[in-house]
Structures are given as structure tokens and as C-alpha cells.
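# Examining the three-dimensional arrangement
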Amino acid sequence: MSLESAESVGAPIALKTGASRTETRAKAARHRRLLVLGARALLLVVLLGAWEVLARTKVIDPFNFSMPSKVWDQIVQWTLHGTAQGSLGEQIWYTLYEALLGWVTGVAGGVVLGIALGRVRFLADVLGPYIKVLNALPRIVLAPIFLIWFGLGPASKVASAVVLVFFPVFFNAFQGVREVDRHLVANARILGASNRRVTLQVVIPSATSWIFTSLHVSFGFALIGAIVGEYIGADKGIGLLVANAQNTFNSAGVYAAMAILAVVALLAEGLLTFAEKRLFRWKTGSPGGER
């Protein structure tokens, strides 16, 4: 057999082998995802079942710890009949609105200032000590101050969310800018790129993965800021539901509000993960890749 004929026979075999391996890897990945989802569901069922049994048998105090069935009944009651402050959907939206506004504001400020200080060393030297001092403050205790400044409305909750979101995003953006490959920057300058073009076309794209990493954690912080602010003083929101349930010794109401908050946080995390995968699908081993 000639060399040309051998190559013509070997090419389809190689293609089939490569396709078979790709299909095998895809099936293995699907199987692993199903296995992980099944294990998660089983763990949740076991934990809830153990909680229910321990509460019903009085191993744990059902008055203080409640039980999943009562928590579910509380959620159903809020869904069908609303709360003292209005419908359940209104309370969820109110908290989500405050958290989203605080998150967007904190992310924008953290990204802009992080990139600016990462690119301009003079600014980093001047503002660095002040940012470290502010980061060392227990920011949760600022919520009562914001309540005095801005009142019971959403502004005080947004401010609480902003101060919790800003710092993790800032430090990730700052570090992402500092970790940019200096050879890329040098090559861009050799090709005649200005500082502005280097920042927009080299630095920011390179730091994007660092910034996205902080977004997952920071949205949870935004929810915490909104909830804490509502708990201290508000006229609507999930945090107010927690406060009212605690004041009336309704432990099921406290856990029900926490469960609703957990669902909201999981949905937000899912949206962020989807956006990250879409953005980084071109990048092998990116944060948006298979986990």
C-alpha cells in the first residue's frame, strides 16, 4: 500500500476515534453532573428528615428549632395570604431591589477604583492606607448609622450593601490588574498603544476573571447588607419578616424567611455562573469552566 493510500485510510479512523473520545467525555461529564445533583438532593432530604424527626421526638426543642413541616406551612401561609406588610412577593422584591442596587453600585465603585489604583501607583500609595483602615472596620455596625442618616427607606439598606460589596470587588480588581502579564503590556506599548488602549484592551480583559470571582461572593454580601438593614429598621422586606417573627417567638417564620433568602441567593448565583460561562467559554480552564 502506498503512503498516500495509507494516509487516506488513516484520516477517517483518526476522526472517528476523536469523535468517539469526545462523546465519551461528554457522557462522563453528564453522568457526573447527575451524580452530583443526586447526591445534593439526597443530602438535603437526609438533613431535613433528621431535623423533622429530632424535633418531633423532642430530642431538640421544637419551640426554638421548629421543624421543616412548620417552616413549609409558614411559607405557604405567606404565599397564599401575604404578610402583615403586604404580599410575600412584594417583600422579596423589596429586599432584592435593595441588594441589587447596592451590589451594582458597590461593584462599579470597586472595579473602577481597583483598576485605577492598580494602574496608577501614585494613587495606590496615597489612598492605600485609608482603604486598609476602612476595610478593617466592622462594616455591619455601620447599618445603624446609615439608618440615622437615610431613614427607614431603601437608601440605608443600599448603603449597607454597598460597603459590604465594595471591598472584595476592589481588592480582586486591584490584584487582577497587578497580575496582568507584563510582557503583554510591553508588547502593546511597542506596537504604539496608549495608556488608555492598554488599560481597555489588555489590562481589563486580563483582570476580568479576577473580577468575576468576586461577584459570586459579593452578591451574597449585598443580600446580607440589605437584610441587616431591614432587621434593624424598615417598613418592608425579608429582614423585617425575620425581625417580626423573632419578636413574636415564631421560630418557623425565622427559618422560613431564611429559606426564601437562600433560594434567592441560589438563583442569583446560577445567573452569575451562566453569565460567567458564556463570557469565558473561549478560555480553557476559566472560572466559567466545568466545576
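Look up: the structure comes first, before these words.
Residues numbered from 1 in each chain as written. Predicted model: local features only at pLDDT ≥ 70, side-chain atom pairs only at ≥ 80, totals over all residues. Heavy atoms only, no water.

## A look at the overall build of the protein
Within the protein, the secondary structure is distributed over eleven helices and zero strands. Across the 291 residues of the protein, 35% fall into the buried class. Taken as a whole, the protein presents about 17600 Å² of accessible surface, with 69% of it coming from carbon and sulfur. (Helix = DSSP H or I, 4+ residues; strand = E, 2+ residues; numbered from the N terminus. Buried < 20%, exposed > 50% of the residue type's maximum accessible area, 1.4 Å probe, protein only. Areas by Shrake-Rupley, 256 points an atom, 1.4 Å probe, with all protein chains shown as cover.)

## Brief notes about the layout of surface pockets
Reported here for the second largest pocket is a volume of approximately 190 Å³. Taken together, L44, L48, W51, P68, V71, W72, I75, Y255 and A259 make up the full set of residues lining the second largest pocket. Contributing elements (two or more residues each) for the lining of the second largest pocket: helix 1 (3-56), helix 3 (68-81) and helix 11 (251-279). For the lining of the second largest pocket, the element with the highest residue contribution is helix 3, accounting for four residues. Residue composition of the lining of the second largest pocket, by class: nine nonpolar, no polar and no charged. (1 Å grid on protein atoms, 1.4 Å probe; cavity = no way out; pocket = protein on both sides within 12 Å on 5 of 7 lines; lining within 4 Å. Points joined across faces, edges and corners; volume = space filled by probe spheres on them. Nonpolar A, V, L, I, M, F, W, Y, C, P; charged D, E, K, R; others polar.)

## Here we look at helix 7 (residues 154-178)
Helix length check: helix 7, at 25 residues, gives a terminal C-alpha distance of 36 Å against a target of 36 Å (1.5 Å per residue), a fit within 8%. Along helix 7, the largest kink reaches about 25° and is centred on F166; proline P168 follows within four residues of it. Across the 25 residues that make up helix 7, a large majority, 18, are buried. (Expected span 1.5 Å × (residues − 1). Bend = angle between axes of the 7 residues up to and from the residue.)

## Considerations on a nonpolar patch on the surface
Together, V120, F122, L123, V126, L127 and Y130 line one region of the surface with nonpolar side chains, adding up to about 560 Å² of accessible area. Relative to the assigned elements, L123 resides in helix 5 (residues 121-136). (Patch = residues over 30% accessible without salt bridge, like charges linked within 9 Å, V, L, I, M, F, W, Y side chains within 5 Å. Salt bridge = Lys/Arg side-chain N within 4 Å of Asp/Glu carboxyl O.)

## Focus on the side chain of E98
Turning to its location among the elements, E98 is positioned in helix 4 (residues 88-119). Put simply, E98 is tucked away with no salt bridge, and the nearest opposite charge, on K157, sits 5.4 Å away. Excluding residues within four positions of it along the chain, E98 makes contact with P154, K157, V158, A161, A226 and E230. (Lys, Arg positive; Asp, Glu negative; His and termini not counted. Contact = heavy atoms within 4.5 Å.)

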